[in-house]
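# Structural features, examined
Each chain, letter by letter, is given below.
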Amino acid sequence: MSLRSRVARWATATVAIALVAAGCAPAATETPGGTEPVAGGTVTVGLESEPAGQFNVHVSGADVAASTLRGIFDSLVSQSNDGEFHPWLARSWDISDDGLTYTFELRDDVTFTDGEPFNAEAVKANFDHVVAKDTASQYASSLIGGSAYDSTEVVDEYTVSIHLKRPFAPLLQGLSTTYLGMISPKVIETSKDQLAAGGPDITVGSGPYVLQSYVAGQEMVLVPNPDHTWGPEDADHTGAARPDRLVLRFLPEPSVRAGALTSGEVDIASNLSPNDAINLENDPAYQLQANENPGLPWSLFLNHDHGILTDAKVREALMRGIDIDSAVQTVYQGKYQRAWSILGPTTPNSYDASLEGTWPHDEDLANQLLDEAGWTERDSDGIRMKDGERLSLNWPTATAARDARAILADAFQADLKKVGVDLAREPLEVGAYLQALQGGDYDVIDWSFVRSDGDILRLHLFSGLAPIQNASWVNDPQVDEWVTQASESSDPAERAELYQKVQQWAIDDVAFIPVYVPTTLVAAANHIGGLTHDISGWPRYDQIWTTKQQ
Amino acid sequence: MLLRRLLIRLMGALVVVWGAATLAFAVLKLVPGDPVDVMLGVNSTASEDVRQQIRNDLGLDQPVISQYLGYLGRLVTGDLGTSYRLQKPVATVITEQLGPTITLALASIVIALVLAIVVSVAARGPITRRIAELLELLALSSPGFWTGLLLLTIFSFNLHWFPVTGGQGARALVLPAVTMALPIAGILSQLLRSGFDAAEREPFTTSARARGLGPVRMFTRHHARHGSLPVVTLTAYIMGSLLGGTVIVEQLFGRRGIGRITLDAITNRDLPVVMALVVMAAVVFVVVNLIVDALYPLLDARLRGRSV
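Residues numbered from 1 in each chain as written. Chains lettered and ligands numbered in written order. Predicted model: local features only at pLDDT ≥ 70, side-chain atom pairs only at ≥ 80, totals over all residues. Heavy atoms only, no water.

The partner chain B presents 45 residues to the 54 residues of chain A that form the contact. Overall, the association of chain A and chain B removes approximately 4,000 Å² of surface from exposure, summing both partners, and the carbon and sulfur fraction of that is 60%. Area buried by chain A at its contact with chain B is led by A:Gln138, A:Gln218 and A:Glu265, which between them contribute 13% of it. Taken together, the connections running from chain A to chain B amount to one salt bridge. As a salt-bridge pair, A:Glu429 and B:Arg269 come within 3.1 Å of each other at their nearest N and O atoms. Taken together, chain A and chain B are joined by eight residue pairs in polar contact (both at pLDDT 80 or more). Listing elements by their share of the side of chain A that touches chain B, those giving two or more residues are α1 (10–20), β10 (245–250), α7 (254–262), α13 (430–439) and β19 (444–450) of chain A. Residue contributions to the side of chain A that touches chain B peak at eight residues, all from α13(A). (Contact = heavy atoms within 4.5 Å. Buried area = accessible area lost by both parts, 1.4 Å probe. Salt bridge = Lys/Arg side-chain N within 4 Å of Asp/Glu carboxyl O. Polar contact = N/O pair within 3.5 Å; in protein donor to acceptor, adjacent residues only side chain to side chain. Helix = DSSP H or I, 4+ residues; strand = E, 2+ residues; numbered from the N terminus.)

So, in structure tokens, the structure goes:
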């Protein structure tokens, strides 16, 4: 979840690329990592951020915690990239007909890396920890059902049941995430207050990797868990991690991550800027993956409860008045796709592809809609007026950085000025931004949200959840009913149908304007094999190997 | 007499540190927004109950005045509190990160001094002086972020002379230290040159020369000392420049250190860490100024024997 980093230093990357352009002679093309996986060697990864203070996955809601600690904590079930669920620490599961009881048969051959056995008691200790009041879980507690969660019951040593107060269909998806991963029950019992800070004896799970060291601001070193044989059923490789060492190095600057890759200091660089990604893609010495993130695209939320945008005609005029195609193409150079729906295309069992191409840029229509809405006069700047009021919209943002989004905003501003709308993007200090957000004192606000379940629409459209995450202050009984029904239905087809209705409604109503599909750009040197990503689009480290053995 | 002066100095120093701590506290309390909301991030799903629980855990539900007094009380006993975000004692957080920053700062100062002395001594002729002026201006006015990227691009990405990322021994220290040293070297060199020029015009130069003092001894015995006085005065400025520089350089080169945690602590409204860093900076400034005051009489005979 959470915002993708807003500190993508765009201008910097551009400068660096211009300077780098001439460097690095390409090597001959080869199959990445050869044909056969090998064990041993060190794999070094350049990452944008680190999970400082976020090692308690049951508390943190940060993307970086889920992605960097994935190799340490196993989950009960696994969600493959097509959205299907597969056995992991649970061999099988059964959902009661009323959707209120999920019973899991657990593997009996799993131990945590501190020697603690994995069993039904361990699962209960974990979930009790997630929902305990003093844990103050920021995300995991909502993934396990929030107020729908009742209790976890130990049925026998290797059978455990989760009881719900009302059906909660996204439960399996939640259970598949790192946020509901299994922490050693001994650590939960003895060192609860140290879980967030983390460390080799504290951050203990049952995964293919073991945390060896963490140096804040610098790197995290993981080593294989030699006993591990219980990887997810849908994975090619289910044993211990292959490299002798996995070093995650924290390099906040995107151009530095790319430079570290080309100079051989890291083997994999994640969260690249599109500019760097294109250069690396054109270089046969590197492999590039562009992984679209599921969930909510980066979107402009239009405040339905405040001033000018209460008028649906004006909202539609905004939607048709901005030229998303050319703005996204210019800024992200084809590496990010423009969005047509309020869900990303990789969100499983819910994306409505029929919306693609249905609301193209149309300046004439935008003008016509604004005329119809009564904004017919113009002031000396060419901005439309109605009854003495200027058609001016404010768009607070929590960053002052000249990042890629600021360039997109400039483009939208220019587009809207042509149809007589003044869109003012206002950088605020985070605290002031949050006050504006919580007070509903804005016309437009923006973010994206990674989640591989259509339930993300409930969080963003349900009337009771304004302004977080329902930042558009949508209040529609029909929509409330659809998203609630979808969250309670155990029939995937019915859920998909409901989410498609919601997506179509959202475009008709212009609940918010989806702009682009956030995409994790990852490049690796060709001696790295088995580079894959999870359904969230984040690189996984449980399958990789390196042919560069020192 | 000496003891009394020392005591007055110490009291003054304490007042400065207390003032800095109080100002930092006031500023952090006055800025808009709830610290827990800021800490959780812009669109956190955390419920109001969870937020209240965190406020409770951190003591943020108490009246501001008792938070302030509690903070001062703990500060006096040397307890810097626990980082909100990192969930570790602030003292641990800072000591873990202090070493790399001190190394970086010392390396930068040494490089800056060497560069400044070499340039200012070399630039005694009319043409070399022009070149030096240009170089100084460039070094002074280039933003650290840009300089760092330029150095990285040339020496790491293309020539592979130095590693890109920090924490890998002395070679990894070179580029970040140079990045930080350049603007300081620029200003130092300017000061030294004008100091030497001023010394050149002093009557004692003429008389020393008349006594037959050679140029080398003239420089080491008189001009170097004379010319370095304004540089010493500028130490506090250099300290500030170093502190600011680490924020950018550590971020850019992926080095751990105080600058990086400062940036993190401010953006995440991690009050205990920010406060501790402010107090630490105040202490450093006070100590540096005390040392500078003590150094003046050694460099300038005219100040000896006067009570400051």
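What follows concerns the side chain of A:Ser263. By secondary structure assignment, the location of A:Ser263 is in the loop between α7 and β11 (268–269). The exposure class assigned to A:Ser263 is buried, which follows from its relative accessible area of 18%. Among the polar contacts listed, one links the side chain of A:Ser263 to the backbone oxygen of A:Gly259, at a separation of 2.8 Å. A:Ser263 has contacts with B:Ser156, B:His160 and B:Val164, leaving out every residue within four places of it along the chain. (Buried < 20%, exposed > 50% of the residue type's maximum accessible area, 1.4 Å probe, protein only.)

All names here are of chain B. Residues Arg211, Arg217, Arg221 and Arg225 make up a contiguous surface patch of positive charge. Within the fold, Arg221 resides in helix α10 (residues 215–233). Overall, Arg221 belongs to the partly exposed group, its relative accessible area being 49%. (Patch = residues over 30% accessible without salt bridge, like charges linked within 9 Å, V, L, I, M, F, W, Y side chains within 5 Å. Areas by Shrake-Rupley, 256 points an atom, 1.4 Å probe, with all protein chains shown as cover. Lys, Arg positive; Asp, Glu negative; His and termini not counted. Charge placed at Lys NZ, Arg CZ, Asp CG, Glu CD.)

Among the secondary structure elements, B:Leu252 is positioned in helix α11 (residues 235–253). Once the C-alpha coordinates of B:Leu252 and B:Gly148 are considered, the two residues, 104 residues apart in sequence, prove to be 7.4 Å apart. Dropping the residues within four chain positions of it, B:Leu252 is found in contact with A:Glu253, A:Val256, B:Phe145, B:Gly148, B:Leu149 and B:Leu152.

Below, the discussion takes up the sheet that holds β11(A). Residues and elements named next belong to chain A. Here we have seven strands laid out as an open sheet, ordered β8-β9-β10-β1-β11-β21-β12, and mixed in their pairing. At either end of the open sheet lies a strand with only one pairing partner, and these are β8 (209–215) and β12 (286–292). Two strands pair when backbone bridges link them, and β8 and strand β9 (residues 219–224) are joined in this way by six bridges, in the antiparallel orientation. Bridged to Ser213 within β9 is Val221. (Pairing = 2+ DSSP bridges.)

The next point concerns the nonpolar core. Grouped together as the largest cluster of nonpolar side chains are 84 residues, with contacts concentrated most on A:Leu300, A:Leu408, A:Phe412, A:Ile513 and A:Val515. Considering each element in turn, this core owes the most residues, ten residues, to helix α8 (residues 171–201) of chain B. Once residues within four sequence positions are removed from consideration, A:Leu408 is found in contact with A:Trp298, A:Ala327, A:Val328, A:Val331, A:Tyr332, A:Val515 and A:Tyr516. Membership of the second largest hydrophobic core comes to 73 residues, among which are A:Ala66, A:Val123, A:Val483 and A:Ala506. (Core = buried A, V, L, I, M, F, W, Y, C linked by side-chain atoms within 4.5 Å.)

In this approach a probe as big as a water molecule rolls over the atoms, and the regions it shows empty are the leftover space. The calculated volume of the second largest pocket comes to roughly 1,200 Å³. In terms of lining residues, the second largest pocket is bounded by 48 residues, among which A:Ser142, A:Gly146, B:Thr45, B:Ala46 and B:Ser47 are the most central. Per-element tally for the lining of the second largest pocket: the top contributor is helix α3 (residues 48–58) of chain B, with six residues. When its residues are assigned to classes, the lining of the second largest pocket shows 19 nonpolar, 16 polar and 13 charged. (1 Å grid on protein atoms, 1.4 Å probe; cavity = no way out; pocket = protein on both sides within 12 Å on 5 of 7 lines; lining within 4 Å. Points joined across faces, edges and corners; volume = space filled by probe spheres on them. Nonpolar A, V, L, I, M, F, W, Y, C, P; charged D, E, K, R; others polar.)

Taken as a whole and judged by the stated rule, the model has four cavities of 30 Å³ or more. When its volume is computed, the largest cavity comes out at roughly 440 Å³. Along its surface, the largest cavity is lined by 35 residues, and A:Arg70, A:Ser176, A:Thr177, A:Thr178 and A:Asp534 are the ones closest to its centre. Broken down by secondary-structure element, the contributors of at least two residues to the lining of the largest cavity are α2 (63–68), β2 (77–79), α5 (171–176) and β24 (539–540) of chain A. The biggest single contributor to the lining of the largest cavity is β2(A), with three residues. Class assignment for the residues of the lining of the largest cavity results in 14 nonpolar, 15 polar and six charged. Approximately 190 Å³ is the volume found for the second largest cavity. A:Ala52, A:Ala216, B:Arg85, B:Leu86 and B:Ile261 are the residues nearest the centre of the second largest cavity, which is lined by 20 residues in total. Counted by class, the lining of the second largest cavity contains nine nonpolar, four polar and seven charged residues.

Let's shift gears to the sheet that holds strand β13 (residues 295–302) of chain A. All names here are of chain A. The antiparallel open sheet is built from three strands, whose spatial order is β19-β13-β20. Because the sheet does not close on itself, it has two edges, and the strands there are β19 and β20 (512–516). The average angle at which neighbouring strand axes cross in this sheet is 30°, direction not considered. As judged from the six bridges shared by β13 and β19, these two strands associate in the antiparallel manner. (Axes fitted to C-alpha atoms, helices over the stretch in contact; angles between N-to-C directions.)

All names here are of chain B. The final tally for this structure, using the stated rule, is 29 salt bridges over all chains. Across the salt bridge formed by Lys88 and Glu96, the nearest N and O atoms sit 3.3 Å from each other. Arg130 is the salt-bridge partner of Glu133, the closest N and O atoms lying 3.7 Å from each other. You can see Glu133 and its partner Arg130 sitting in helix α6 (residues 126–141), three residues apart, about one turn around the helix. One network of salt bridges, with partners in common, ties together Asp34, Asp37, Glu48, Arg51 and Arg55.

Here we come to the packing of helix α9 (residues 312–321) of chain A against helix α11 (residues 363–372) of chain A. Residue and element names in this part refer to chain A. Two elements in contact, α9 and α11, have axes whose closest approach is 8 Å; the angle formed by their N-to-C orientations is 165°. What the angle tells us is that α9 and α11 run roughly antiparallel. By crossing handedness, the relation of α9 to α11 is classed as left-handed. Residue-level inspection shows Lys313, Val314, Glu316, Ala317, Arg320 and Gly321 of α9 in contact with α11, the latter providing Glu363, Leu365, Ala366, Leu369, Leu370 and Glu372. Counted by class, the contact of α9 with α11 contains six nonpolar, one polar and five charged residues. (Parallel < 35°, antiparallel > 145°, perpendicular 65-115°, else oblique. Left-handed = near helix turned anticlockwise from the far one by under 90°.)

So yeah, pure geometry; function would need other evidence.
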